[in-house]
Amino acid sequence: MSEEVDFEIDSDDLLFRQINREIGDPSVIVEDLHVTYHVIGSTGKRVKPQAGDTRLKRLLRRGAKHSGAGVAEVKAIRGVSFMVRHGESVGILGSNGSGKSTMLRALAGLLPAERGSVYVSGKPSLLGVNAALMKDMTGERNIMIGGLALGLTVDEVHERFDDIVAFAEIGDFVYLPMKTYSSGMAARLRFAISTAVTPEILMIDEALATGDAAFRQKSQIRINEIREQAGTIFLVSHSLATVRAMCSRAIWLDKGKVRMDGPVDEVADAYREFSRRTVKRR
Ligand SMILES: Nc1ncnc2c1ncn2[C@@H]1O[C@H](COP(=O)(O)OP(=O)(O)OP(=O)(O)O)[C@@H](O)[C@H]1O
Ligand SMILES: [Mg+2]
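Because the structure is a prediction, the values reported are computed rather than measured.

A. Just the nonpolar core, in detail. Counting residues in hydrophobic clusters, the biggest one holds 43 residues, and the most contacted among them are Leu-93, Ile-143, Ile-164, Ile-170, Tyr-181, Leu-189 and Ile-193. Once you skip the residues sitting within four places of it in the chain, Ile-170 turns out to touch Val-165, Tyr-181, Met-185 and Leu-189.

Quick look at the structure:
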């Protein structure tokens with residue numbers, strides 16, 4: 001499978017512009033962070049590939065190792081340290097499985113650190129494809145639960161309800177269980193809920209890729225508004241053009257470790273070179 005890296009500037013991405021803000025005090029400090037997933041229902045044994053295996057055979061055998069009753073460990077983040085200040089926009093780059101989403105979830109306090117520490121000043125909010133909405137519940141219930149999870153009061157959720165539904169453009173579907181929504185409708189509601197508040201630390205995980213073209217444009221405008229108010233931004237994206245346009249700094253994760261951390265253009269150039277070589281080898 002090829003990596004989802006785009007090398008081209010997409011004209012849509014030019015909606016984003018760098019926002020020059022004052023760089024202030026530290027807002028996030030990560031020290032020697034380790035995050036490990038414990039996967040139940042796996043024997044944890046590595047399956048060695050055998051000569052003559054087809055891709056499908058390998059895949060089926062890999063699936064078989066999960067049928068046991070053991071607990072396997074996946075070390076997703078392995079000793080990451082960095083400091084980010086108020087006013088910085090940081091792009092997180094890295095290939096599939098390098099630990100980007102895991103790191104954001106740990107920063108948002110959704111996953112515990114196995115070792116090391118995370119200090120955040122202000123309440124972080126993760127805006128992304130992982131926001132947990134419940135499929136069996138109506139959009140209305142999800143708006144309430146999501147709003148409360150973002151720190152709103154019941155009254156504040158009621159106040160913002162109409163705006164959220166209008167932004168998501170789901171109309172009366174809001175009163176139906178979310179399992180009746182198309183994936184685009186669900187993504188739009190998730191986006192509308194997560195952007196109902198302006199967090200101090202905004203984390204975006206591939207959220208821009210959801211919805212159709214018109215909604216993408218609308219969501220980019222909304223993200224720009226939030227970016228202007230939020231203190232610190234983390235953006236995970238496979239679009240280097242988006243990261244370059246939105247961020248001043250980038251951190252490149254590779255197999256759960258920081259491979260490079262610096263000005264966005266330097267890191268993006270190095271990552272692009274690395275991805276090109278990887279694509280050639282595949
Ligand atoms: N819920 C989970 N349980 C077990 N292992 C997981 C879980 N989520 C992620 N992992 C593993 O942790 C590692 C890092 O995954 P993560 O989702 O953070 O990568 P990523 O950089 O966000 O990748 P992508 O670009 O595909 O979104 C991978 O090896 C992945 O298989
Ligand atoms: Mg991810």
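Let us keep going from here.
B. Quick look at the pairing of strand β8 (residues 249-254). Of all 6 residues that make up β8, 6 are buried, and the element is covered over most of its length. Summarising the sheet, strand β3 (residues 89-93) and β8 pair through 4 bridges and their orientation is parallel. Looking across to β8, one finds that Ile-92 is bridged to Ile-251. Here β8 pairs with strand β9 (residues 257-263) via 6 bridges, running antiparallel. Along β9, the bridge assignment pairs Ala-250 with Gly-262.

C. Seen up close, the packing of aromatic side chains. Enumeration over the complete set of coordinates arrives at 8 aromatic pairs. Ring plane angle 90° and centroid distance 6.1 Å describe the contact between Phe-173 and Tyr-181, whose orientation is recorded as edge-to-face. Aromatic ring contacts, followed pair by pair, group Phe-167, Phe-191 and Phe-215 into a single cluster. Stacked on the ring of Phe-215, the Lys or Arg Arg-188 has its end atom at 5.7 Å from the ring centre. Above the face of the Phe-167 ring, Lys-218 is positioned so that its terminal group lies 4.4 Å from the ring centre.

D. Main features of the site of ligand 1. Residues in contact with ligand 1 amount to 13 residues; listed here are only the nearest, Gly-97, Gly-99, Lys-100, Ser-101 and Thr-102. Within the contact set of ligand 1, an oxygen atom lies 2.8 Å away from a side-chain nitrogen or oxygen of Ser-101. The contact in question runs from an oxygen atom of ligand 1 to an N or O atom on the side chain of His-238, over 3.0 Å. Compared with its free state, where it exposes 640 Å², ligand 1 has 63% of that area covered by protein. For the shell around ligand 1, the secondary structure elements donating two or more residues are β1 (26-40), β2 (71-85) and α2 (100-107). In terms of residues, the shell around ligand 1 owes the most to one element, α2, which gives 3 residues.

Rules behind the numbers
In this numbering scheme, every chain counts its residues from 1 along its sequence in written order. The naming scheme follows written order: chains are lettered A onward, ligands numbered 1 onward. For a predicted model such as this one, the threshold for reporting local features is a pLDDT of at least 70, and the threshold for listing and counting side-chain atom pairs is 80 or more; totals across whole chains, interfaces and linings nevertheless cover every residue. Side-chain measures here rest on the full set of heavy atoms in the structure, leaving out hydrogens and waters. The nonpolar core is taken to be a set of buried Ala, Val, Leu, Ile, Met, Phe, Trp, Tyr and Cys residues, with the residues joined through side-chain atoms within 4.5 Å. Note on exposure labels: buried denotes an accessible area under 20% of the residue type's maximum, exposed denotes more than 50%, and partly exposed covers the range between, all computed with a 1.4 Å probe on protein chains only. Any two residues whose heavy atoms approach within 4.5 Å at even a single point are treated as in contact. Strands here mean DSSP runs of E at least two residues long; helices mean DSSP runs of H or I at least four residues long; both are numbered from the N terminus. We treat two strands as partners when DSSP finds at least two bridges between them. Two rings belonging to Phe, Tyr or Trp (six-membered ring only in the last case) form a pair when the distance between their centres is within 6.5 Å. Interplanar angles under 30 degrees mark stacking, angles over 60 mark edge-to-face geometry, and anything in between is tilted. The rule is short: NZ of Lys or CZ of Arg within 6 Å of the ring centre and within 35 degrees of the ring normal puts a charge over the ring. If even one non-hydrogen atom of a residue comes within 4 Å of a molecule or strand, that residue is called near it. Throughout this description, a polar contact denotes any pair of N or O atoms lying within 3.5 Å of each other; where both atoms belong to protein, one of them has to be capable of donating a hydrogen while the other can accept it, and for residues adjacent in sequence the pair is counted only when both atoms sit in side chains. Here the accessible surface of atoms and residues is derived via Shrake-Rupley with a 1.4 Å probe, and residues count as covered only by protein chains that are part of the display.

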